[in-house]
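Working through the structure, step by step
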Amino acid sequence: MGRLNKLSRSACALAVLAITLVACAEPMRFEALEQVNSVRILVLPPQNNSPEIEGTYTFLSTISKPLGERGYYVYPVGVVDSYIKANGVTLPQEMNQIPLDKLNAQFAPDAILYTDIDYFGQKFALIDSYAYIDANLELVDAATGNTLWQKHMVYDERQNRQQQGDGGALGQIIGAVLVQMIASAMDDKFFNTSSMANMTALNDPINGLPVGPLRQTQEQ
Amino acid sequence: MIWCVTLSCKQKIRRLPLAVGMAALAAACATPTHFHWGDYEPVLYRFYESEEGISHQEQIELLLNDIDKAQSEGKKIAPGINLHLAMLYADMGDMASAKRFVEIERELYPMSGQFSEKVFAKVLAWEG
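My aim in this report is to walk through the structure given alongside it, one point at a time. (Residues numbered from 1 in each chain as written. Chains lettered and ligands numbered in written order. Predicted model: local features only at pLDDT ≥ 70, side-chain atom pairs only at ≥ 80, totals over all residues. Heavy atoms only, no water.)

1. Here's the deal with the packing of helix 5 (residues 77-86) of chain A against helix 3 (residues 40-49) of chain B
With their axes 10 Å apart at the nearest point, helix 5 of chain A and helix 3 of chain B run at an angle of 25 degrees to one another. As far as their axial angle goes, helix 3 of chain B and helix 5 of chain A are roughly parallel. Between helix 5 of chain A and helix 3 of chain B, the contacting residues are V77, G78, D81 and S82 of chain A on the first element and Y40, L44, F47 and Y48 of chain B on the second. Tallied by class, residues from the contact of helix 5 of chain A with helix 3 of chain B come to five nonpolar, two polar and one charged. (Axes fitted to C-alpha atoms, helices over the stretch in contact; angles between N-to-C directions. Helix = DSSP H or I, 4+ residues; strand = E, 2+ residues; numbered from the N terminus. Parallel < 35°, antiparallel > 145°, perpendicular 65-115°, else oblique. Contact = heavy atoms within 4.5 Å. Nonpolar A, V, L, I, M, F, W, Y, C, P; charged D, E, K, R; others polar.)

See below:
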């Protein structure tokens, strides 16, 4: 009994410490992004270096909401993709090679989001298998090509399972995502995983994407 | 799990900041979205999954339903959804509807103007 109390007390102290640490950590500043008034974001399909081909479009279908909620006007990714394809560029690798001036002439974005996926899929461990995503996101100034913001995103399902068990923040977000899924026979596991990963990365209190103009004007 | 730990904390001083922290965290999670997104992303997922994965008609029904829901919730429909609809209608040859949705998007989000002038040039030039 005494031991249990001691244990729970130290667990409690640890939790308080964790919350304090989170509260005290300074968010990083992205001055280049603060200086330009980027609101219109063109999202290109990611360069996918992982063997999981589906990662490309799973990522692409789960990035609009986190970007939009952060306060940016995201060009409709399905429309952009169809338009580029209709103009003869069909592969994501090729789309990532399109020069800035051509993209500007066609879409007039303020910024472009480039993504490199290094891992997207299931990892198999001895007793367990888990979803894992490793990607680099880079937001580039459409006028100059300068980097405005970047983020190395690593998502490990095992960490998420722990937090879900706590009924914590992530558990609630994933709950919300699941409720929204439309009934269909599709394998939605990676849709949810990818949503979670993108949502968590962009909302990272330390180096997530700073709040953009759409939300700043709304909240005034 | 953390809640149980909280309750078993004996010292009130320790319990308080944790409870406040967790409450703030819970409140932050419960914060509703700024825009109504509905089925847009699942529609995109199935749109990309395979050409046959979801018909134009099915996408249109789901997205129109979201526009209704957004209105009844008093929320702004998320950026881009009207343009996705416009693309579907244009594909199906319904230029009047396509044009209407491009114009709705421009009213809601004026920053979509330059994009639409290029990408939906044919739609905007259409005269019924």
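2. Some details on the packing of aromatic side chains
Applying the stated criterion across every chain, the model contains 15 aromatic pairs over all chains. Ring-pair connections join several aromatic residues into one group, and the members of that group are Y73, Y75, Y83 and F107 of chain A together with F35, W37, Y40, Y109 and F115 of chain B. Geometry around Y119 of chain A places K123 of chain A over its ring, the cationic atom sitting 4.9 Å from the centre. Between the NZ or CZ atom of K76 of chain B and the centre of the ring of Y109 of chain B, over which it lies, the distance is 4.3 Å. (Phe/Tyr/Trp six-rings, centres within 6.5 Å; stacked < 30°, edge-to-face > 60°. Lys NZ or Arg CZ within 6 Å of the ring centre and 35° of its normal.)

3. Some thoughts on the packing of helix 3 of chain B against helix 5 (residues 81-91) of chain B
When two helices pack together, their arrangement is given by the angle between the helix axes and by the axis-to-axis distance. Residue and element names in this part refer to chain B. In contact at an axis separation of 11 Å, helix 3 and helix 5 are set at 40 degrees when each is read in the N-to-C sense. Of the possible angle classes, the one that applies to helix 3 and helix 5 is oblique. Of the two possible hands of crossing, helix 3 and helix 5 adopt the one that is left-handed. Within the contact between the two elements, helix 3 uses Y40, V43, L44 and F47 and helix 5 uses I81, H84 and M87. Of the residues that constitute the contact of helix 3 with helix 5, the class distribution is six nonpolar, one polar and no charged. (Left-handed = near helix turned anticlockwise from the far one by under 90°.)

4. A word on the environment of L103 of chain A
Residues and elements named next belong to chain A. In this fold, L103 is placed in helix 7 (residues 100-107). Between the C-alpha atom of L103 and that of L42, which follows or precedes it by 61 residues, the distance is 8.9 Å. In contact with L103, other than residues within four places in its own chain, are L42, L44, I98, A108, P109, I112 and Y114.

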